[in-house]
Amino acid sequence: QQPVQSPQAVILREGEDAVINCSSSKALYSVHWYRQKHGEAPVFLMILLKGGEQKGHEKISASFNEKKQQSSLYLTASQLSYSGTYFCGTGRGSGNTPLVFGKGTRLSVIA
Amino acid sequence: DGGITQSPKYLFRKEGQNVTLSCEQNLNHDAMYWYRQDPGQGLRLIYYSQIVNDFQKGDIAEGYSVSREKKESFPLTVTSAQKNPTAFYLCASSTSSLAGLPNTQYFGPGTRLTVL
């Protein structure tokens, strides 16, 4: 089942914060976050495994709540370079399985 | 430099013609994947292969075929049976995991296929 991302799009001014959510109707084993610039390949940001952990990457961090079957990506003090489409991908099982991706959240950071 | 290459970057074909998209990786990854991306749809899995000489259908395999004769190569053929082939095609790879843990998938630069 495809995970649901929200919001679909968001516009921020430089320095503002944003939260992107990824929810699944099925049990989550892993959540993978990617950012894609227009016409380019998705770039890996971080992977979260079952266990409710939180991870960080520069000023971008994420949490994973397996009880709620959701993950959230936090972008703090946004920069122009953060613009792009963010995708969450969820594992289809507990092992090294292909991912099911959400439809993406388009983030635009303006000066 | 290690990475995943896809060629060509842009491809134009006439309706009814088969076309093969190339994907090569020198990361020594065991698993390889093909995804299709349409505007507003996210990435959808076409085929994947976890070891050489073995592959499985993904969610939208109809009209596509693959082969995995070498570890580093996973070409995708878009056949004339694919009703709407115009899309952005992304290849990815990941290591296998003896511990059974999920591994990061790394993507190639993509091929944009346009069928005229």
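In case you missed it, the structure is sitting above this.
This text gives an overview of the structure that appears in the document.

Cut-offs and rules
Residues numbered from 1 in each chain as written. Chains lettered and ligands numbered in written order. Predicted model: local features only at pLDDT ≥ 70, side-chain atom pairs only at ≥ 80, totals over all residues. Heavy atoms only, no water. Pairing = 2+ DSSP bridges. Helix = DSSP H or I, 4+ residues; strand = E, 2+ residues; numbered from the N terminus. Axes fitted to C-alpha atoms, helices over the stretch in contact; angles between N-to-C directions. Phe/Tyr/Trp six-rings, centres within 6.5 Å; stacked < 30°, edge-to-face > 60°. Buried < 20%, exposed > 50% of the residue type's maximum accessible area, 1.4 Å probe, protein only. Lys NZ or Arg CZ within 6 Å of the ring centre and 35° of its normal.

**What to know about the sheet that holds strand β8 (residues 76-78) of chain B**
Residues and elements named next belong to chain B.
- With respect to topology, 4 strands assemble into an open sheet ordered β1-β3-β8-β7, the strand pairing being antiparallel. Edge positions in the sheet fall to β1 (4-7) and β7 (64-66), since each of these pairs with one other strand and no more. Put simply, the sheet's adjacent strands are angled 20° from each other on average, direction ignored.
- Judged from the 3 bridges that link them, β7 and β8 form a sheet pairing that is antiparallel. Among the inter-strand pairings, Ser-65 is bridged to a residue of β8, identified as Thr-77.

**Examining the packing of aromatic side chains**
- Overall, the coordinates contain 11 aromatic pairs over all chains when judged by the stated rule.
- A centroid spacing of 5.4 Å and a plane angle of 85° characterise the contact between Phe-101 of chain A and Tyr-35 of chain B, whose relative ring orientation is edge-to-face. In this pair, Phe-101 of chain A is assigned in strand β10 (residues 99-101) and Tyr-35 of chain B in strand β4 (residues 31-38), connecting two distinct chains. In terms of burial, Phe-101 of chain A and Tyr-35 of chain B fall into one category: buried.
- Note on Tyr-47 of chain B and Phe-55 of chain B: the rings are 5.9 Å apart at their centroids and 80° apart in plane angle, and the pair reads as edge-to-face.
- Residue Tyr-47 of chain B is classed as buried on the basis of its relative accessible area, which comes to 8%.
- Overall, Phe-55 of chain B belongs to the partly exposed group, its relative accessible area being 37%.
- Through successive ring pairs, a cluster of aromatic residues spans Tyr-34, Phe-44 and Phe-101 of chain A together with Tyr-33, Tyr-35, Tyr-48, Tyr-106 and Phe-107 of chain B.
- A cation sits over an aromatic face here: Arg-112 of chain B above Phe-88 of chain B, 4.5 Å from the ring centre.

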